[in-house]
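One letter stands for each residue in the lines below.
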Amino acid sequence: MINIAICDDEKFMSDELSGLLYEFFSPKNIEIKICQFTNGSALLKSNKPLDLIFLDIELLDLDGIVVGRYIREELENRDIQIVYISCKGQYAQQLFKMQPMDFLVKPIL
């Protein structure tokens, strides 16, 4: 089982990404569990074990860069894979220190 979190303040984007993930993993017979969060604070307060986080950069409370930095530096967690998502590509350079797995530009097709 792969435990996945999607943290995006746009519900339709979280739903769209969830659908894409199920479409990708289902034919491979890989079981996934997806939790959706609308803000960084809720994600950080969650006690759910996570393998992969799709993290929007521009959130209403803590931005995705702050959340990623907290996961990597404060929690010292390098095991969780982080994929940043944003409609703006200029953030890519700021993210290298968080060692993201990838960076996706919205809309995700």
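In the block above lies the structure referred to throughout.
Residue positions are given per chain, counting from 1 as you read along its sequence in written order. Only residues with pLDDT of at least 70 get local features here, since the model is predicted, and only at 80 or more are side-chain atom pairs given and counted; chain-wide, interface and lining totals rely on the full set of residues. Note: side-chain values were computed over all heavy atoms of the structure, leaving out hydrogens and water.

Notes on the packing of aromatic side chains
- Stacked, tilted and edge-to-face pairs are distinguished by plane angle, under 30 degrees for stacked and over 60 for edge-to-face with tilted covering the rest, among Phe, Tyr and Trp rings (Trp via its six-membered ring) whose centres lie within 6.5 Å. Scanning all chains against the criterion turns up one aromatic pair.
- Judged by centre distance (5.0 Å) and plane angle (90 degrees), the rings of Phe-24 and Phe-25 are edge-to-face.
- For Phe-24, a relative accessible area of 44% corresponds to the partly exposed category.
- To sit over a ring, a charge needs its Lys NZ or Arg CZ within 6 Å of the ring centre and within 35 degrees of the ring normal. The ring of Phe-24 carries Lys-28 above its face, with NZ or CZ at 4.1 Å from the centroid. Accessibility here uses a 1.4 Å probe with only protein chains present; expressed as a share of the type maximum, an area under 20% marks a residue as buried, one over 50% as exposed, and anything in between as partly exposed.

Thoughts on the nonpolar core
- Judged by nonpolar contacts, the single largest core of 16 residues is most densely connected at Leu-43, Ile-53 and Leu-55.
- Every helix listed is a DSSP run of H or I at least four residues long, and every strand listed is a run of E at least two residues long, numbered separately from the N terminus. Here this core takes three residues from helix α3 (residues 64–74), the largest share from any one element.
- If sequence neighbours within four positions are ignored, Leu-55 has contacts with Cys-7, Leu-43, Gly-64, Val-67, Gly-68, Ile-82, Val-83, Tyr-84 and Ile-85.
- Nonpolar cores were defined as sets of buried Ala, Val, Leu, Ile, Met, Phe, Trp, Tyr and Cys residues, with membership established by side-chain atoms within 4.5 Å. Residues Leu-21, Phe-25, Ile-34 and Ile-85 belong to the second largest nonpolar core, which totals 13 residues. Should any heavy atoms of two residues lie within 4.5 Å, those residues are considered in contact.

Remarks on α3
- Listed in full, the buried residues belonging to α3 are Gly-64, Ile-65, Val-67, Gly-68, Ile-71 and Arg-72. Buried residues of α3, viewed axially, fall in a sector of 165 degrees; they line one side.
- Packing partners of the buried residues in α3 comprise α2 (40–45), β3 (52–56) and β4 (81–86).
- Put simply, Asp-63 is the residue that caps the front of α3, since its side-chain oxygen is 2.9 Å from the backbone nitrogen of Ile-65. An arc is given here, and it is the one of the directions from the helix axis to the C-beta atoms. Pairing of N or O atoms within 3.5 Å defines a polar contact, subject to two protein rules: one partner must be a possible hydrogen donor and the other a possible acceptor, and residues neighboring in sequence count only if both atoms are side-chain atoms.

Brief notes about the pairing of β4
- The buried fraction of β4 is high, at five of six residues.
- Relative to β4, β3 runs parallel, the two sharing five bridges. From the neighbouring strand, Ile-53 faces β4, where its bridge partner is Ile-82.
- Handedness of a crossover: with both strands directed away from the viewer, a clockwise path from the first strand across the helix to the second marks it as right-handed. Regarding the hand of the β-α-β motif, the stretch spanning β3, α3 and β4 is right-handed. DSSP calls a pair of strands paired once it identifies at least 2 bridges connecting them.

Comments concerning the environment of Asn-39
- Examined against the element boundaries, Asn-39 turns out to sit in the loop between β2 (32–37) and α2.
- Along the chain, Asn-39 and Asp-9 lie 30 residues apart, while their C-alpha atoms are 6.1 Å from each other.
- Other than its neighbours up to four places away in sequence, Asn-39 contacts Cys-7, Leu-59 and Asp-61.
- A distance of 3.2 Å separates the side chain of Asn-39 from the backbone nitrogen of Ser-41, its partner in a polar contact.
- Within polar-contact distance, the side chain of Asn-39 engages the backbone nitrogen of Ala-42 at 2.7 Å.

Remarks on the pattern of salt bridges
- In the sections that follow, a salt bridge refers to a side-chain nitrogen of Lys or Arg positioned within 4 Å of a carboxyl oxygen of Asp or Glu. Tallied over the full model, the rule gives one salt bridge.
- Measuring nitrogen to oxygen at the nearest pair gives 2.8 Å for the salt bridge that ties Lys-11 to Asp-15. Of this pair, Lys-11 and Asp-15 both sit in helix α1 (residues 11–25), four residues apart, which is roughly one turn of that helix.
- A relative accessible area of 36% means that Asp-15 is categorised as partly exposed.

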